[in-house]
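A look at the structure
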Amino acid sequence: MLIPLKPGELLRLIPAVATGPQFTACSGDPRKLLQRVLISVIGGVIALLISQTLLFRSQAGPVFLVVGFVFLLYVLWGPILEAGRRNAVLRRYPAAAIFEGVVADQFRREVVENRREQANRQGRLELVENRRTWLCLELEDEDGYLGQIRFPLEKKHEQIRRGMVIRCLVLSERKDFSRIGALSDGWLPQVKQWVGEYPYLLRPAFEELCLRRLG
């Protein structure tokens, strides 16, 4: 079942500016966080050193001073910028609707999250892959198959079963939803769990909207 959103509701459900959960999701794993810290420190220190050198010799000194502070704050504004970019992808769709259906099927898949080269005991470089188990949920309603939501598997997800009710947003370029462009994260009311790779929705607002529209 698809219930089209009213004008303006999509923009209220998916914010332009990062929320706390979105900031956390975009901060990444420790490896990604370390990369951001290194970029922030190295870029900031270099820019500040250049600004000190040019401060009284050139008009570019104050510019490099500002650039230095911008780099030092990269650890903070980097995730905010990434979250805003991801939110904008869904906010641009002209048609959006609440979907209520069921989990038609579920299966697990091993996903390679990153690869790196590492020296073994013999001193030779070998490719090391970090794998993680993801859970994939296939969604359908009375009209048939809709799409798939997938996310890293956690212990709490063991409660999910086939046939459970699931609600999410469906985004499309077409008003008749004949072609689905994207799905948001999903809400499983029977086990009170949110699932998805990224928390697009303002979750309390979506739950309240579902109660009003679906009862």
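Structure: above.
These numbers were taken from a predicted model, which means no experiment stands behind them. (Residues numbered from 1 in each chain as written. Predicted model: local features only at pLDDT ≥ 70, side-chain atom pairs only at ≥ 80, totals over all residues. Heavy atoms only, no water.)

Let us look at the environment of Gly101. Among the structural elements, Gly101 can be located in strand 2 (residues 95-119). By relative accessible area, Gly101 is classed as buried at 8%. Excluding anything up to four places from it in sequence, Gly101 contacts Glu140, Asp141, Met164, Val165 and Ile166. (Helix = DSSP H or I, 4+ residues; strand = E, 2+ residues; numbered from the N terminus. Buried < 20%, exposed > 50% of the residue type's maximum accessible area, 1.4 Å probe, protein only. Contact = heavy atoms within 4.5 Å.)

On the surface, a nonpolar cluster with roughly 280 Å² of combined accessible area is contributed by Leu38, Ile42 and Ile46. Relative to the helices and strands, Ile42 is located in helix 3 (residues 30-54). (Patch = residues over 30% accessible without salt bridge, like charges linked within 9 Å, V, L, I, M, F, W, Y side chains within 5 Å. Areas by Shrake-Rupley, 256 points an atom, 1.4 Å probe, with all protein chains shown as cover. Salt bridge = Lys/Arg side-chain N within 4 Å of Asp/Glu carboxyl O.)

It is worth spelling out helix 2 (residues 20-27) at this point. Gln22, Cys26 and Ser27 are the residues of helix 2 that are buried. Looking straight down helix 2, one finds that the buried residues subtend no more than 140° of arc, so they occupy a single side. Exposed residues pointing more than 90 degrees away from the buried face of helix 2 are listed as Pro21 and Thr24. (Arc of directions from axis to C-beta.)

Along the chain, the position of Glu9 falls in helix 1 (residues 9-13). Sequence-distant contacts of Glu9, defined by excluding residues within four places in its chain, comprise Leu209, Arg212 and Arg213.

Counting 22 residues, the largest nonpolar core has Leu5, Ile98, Leu169, Leu171 and Phe206 as the members making the most contacts within it. Elements that contribute at least two residues to this core include exactly helix 1, helix 5 (74-91), strand 2, strand 5 (165-172) and helix 6 (203-214). Other than its neighbours up to four places away in sequence, Leu171 contacts Leu10, Leu90, Tyr93, Ala95, Ala96, Ile180, Gly181, Ala182 and Ser184. One finds Leu137, Leu139, Ile149 and Ile160 within the second-largest nonpolar core, a separate group that totals 21 residues. (Core = buried A, V, L, I, M, F, W, Y, C linked by side-chain atoms within 4.5 Å.)

With that out of the way, let us pick up the pattern of salt bridges. A complete count under the given rule lists 8 salt bridges for this structure. The shortest N-O distance in the salt bridge between Arg92 and Glu173 comes to 2.8 Å. Of this pair, Arg92 sits in the loop between helix 5 and strand 2 while Glu173 sits in the loop between strand 5 and strand 6 (182-183), and the two are 81 residues apart along the sequence. According to the relative accessible area criterion, Glu173 is partly exposed, its value standing at 47%. Taking the shortest distance from any N to any O, the salt bridge between Arg212 and Glu208 comes out at 3.5 Å. Taken together, the residues span about one helical turn, with Arg212 and Glu208 both in helix 6 at a distance of 4 residues. According to the relative accessible area criterion, Glu208 is partly exposed, its value standing at 48%.

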